[in-house]
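Given next are the chains, with one letter for each unit.
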Amino acid sequence: MQKLAGLVLRSLGWRYHMPPPPGRKYVLIGAPHTSNWDFPVGLLALWALGIRARWLGKKELFRPPLGWLLRLLGGIPVDRSRWNNLVDSVAEVFRREEEMAILITPEGTRGKAPYWRSGFYYVALKAGVPIALGYVDFRKKEVGIGGYLWPSGNLKQDFEVIRAFYQDKVGLRPERQGPIRIREEVEEVA
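Here the structure is a predicted model, which means the values were calculated and not measured. (Residues numbered from 1 in each chain as written. Predicted model: local features only at pLDDT ≥ 70, side-chain atom pairs only at ≥ 80, totals over all residues. Heavy atoms only, no water.)

Draft legend 1. Region of the structure containing the overall build of the protein. In terms of helices and strands, the protein carries seven helices and seven strands. Counted from the first residue to the last, the protein has its helices and strands arranged as α-β-β-α-β-α-β-α-β-α-β-β-α-α. For a compact globule of 190 residues, the expected C-alpha radius of gyration is about 16 Å, and the protein comes in at 16 Å, within 12% of that figure. For the protein, the C-alpha atoms occupy an extent of roughly 45 × 35 × 35 Å along the three principal directions. The proportion of buried residues among the 190 residues of the protein is 45%. Within the protein, counting contacts between residues at least 6 apart in sequence, those at least 24 apart form 70% of the total. Carbon and sulfur atoms make up 56% of the accessible area of the protein, which totals about 10,500 Å². (Helix = DSSP H or I, 4+ residues; strand = E, 2+ residues; numbered from the N terminus. Rg over C-alpha atoms; globule rule 2.2 N^0.38 Å. Buried < 20%, exposed > 50% of the residue type's maximum accessible area, 1.4 Å probe, protein only. Contact = heavy atoms within 4.5 Å. Areas by Shrake-Rupley, 256 points an atom, 1.4 Å probe, with all protein chains shown as cover.)

Draft legend 2. Layout of the side chain of serine 118. Within the secondary structure, serine 118 sits in the loop between β5 (100-104) and α5 (119-127). Residues contacting serine 118, with those up to four places away along its chain left out, are Leu155, Ile182 and Glu184.

Draft legend 3. View of the pattern of salt bridges. Within the structure shown, the criterion is met by seven salt bridges. Arginine 24 is the partner of glutamate 99 in a salt bridge, and the nearest nitrogen-oxygen pair spans 3.2 Å. Linking glutamate 99 in the loop between α4 (86-96) and β5 with arginine 24 in the loop between β1 (15-17) and β2 (25-31), this pair joins segments that are 75 residues apart in sequence. Per residue, the accessibility class of glutamate 99 equals that of arginine 24, and both read exposed. Connected through salt bridges with shared partners, the residues Lys140, Asp168 and Lys169 form a single ionic network. (Salt bridge = Lys/Arg side-chain N within 4 Å of Asp/Glu carboxyl O.)

Draft legend 4. Spatial organisation of the sheet that holds β1. Read across the open sheet, the seven strands follow the order β1-β7-β6-β2-β5-β3-β4; overall the sheet is mixed. Two strands in the sheet have a free side with no partner beyond their single neighbour: β1 and β4 (75-78). Along the sheet, successive strands turn relative to each other by an average axial angle of 25°, direction set aside. Bridging between β1 and strand β7 (residues 142-149) involves three bridges; their strand directions are parallel. In the strand pairing of β7, arginine 15 is matched with glutamate 142. (Pairing = 2+ DSSP bridges. Axes fitted to C-alpha atoms, helices over the stretch in contact; angles between N-to-C directions.)

As structure tokens, this is what we get:
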């Protein structure tokens with residue numbers, strides 16, 4: 001599967017790469033997230049890079065007839081309509097597993113979001129794992145992981161590193177890309 005996925009990506013003109021991870025567990029950011037095409041390109045890249053990642057998706061995606069397939073592909077349904085301590089739950093899964101990568105799209109939607117959700121950061125911090133800076137850049141036709149960040153506990157400081165990395169990444173629908181900021185920054189301005 002790994003060789004086939006790489007062949008498909010290259011035949012479509014995509015380049016992919018990933019520096020070796022610092023360990024067997026990490027939170028993988030998926031950004032920018034502006035189109036349904038992010039999923040197949042990202043999935044091919046995961047396969048080509050040999051990453052068996054789980055990913056979070058809104059529960060509505062997991063209804064029949066394709067719900068079983070999305071679960072098979074690593075999907076974990078999330079009920080976004082209620083607070084359910086998702087950060088603690090995912091951090092606990094990390095503690096139990098010997099090897100795990102979980103993909104989270106911090107924008108939380110394909111539409112233009114006013115800020116990035118910070119749950120990915122707190123999952124990594126609580127689980128004691130690094131954050132992999134995963135991306136899909138449709139302008140350059142590049143996909144992969146650009147580096148790793150160990151969360152320090154200082155969200156604002158660490159987010160400056162994250163923002164600098166993603167600043168030049170372009171989604172398929174750039175008009176849907178929101179600002180690369182966290183809710184705390186939006187609330188400070190208000």
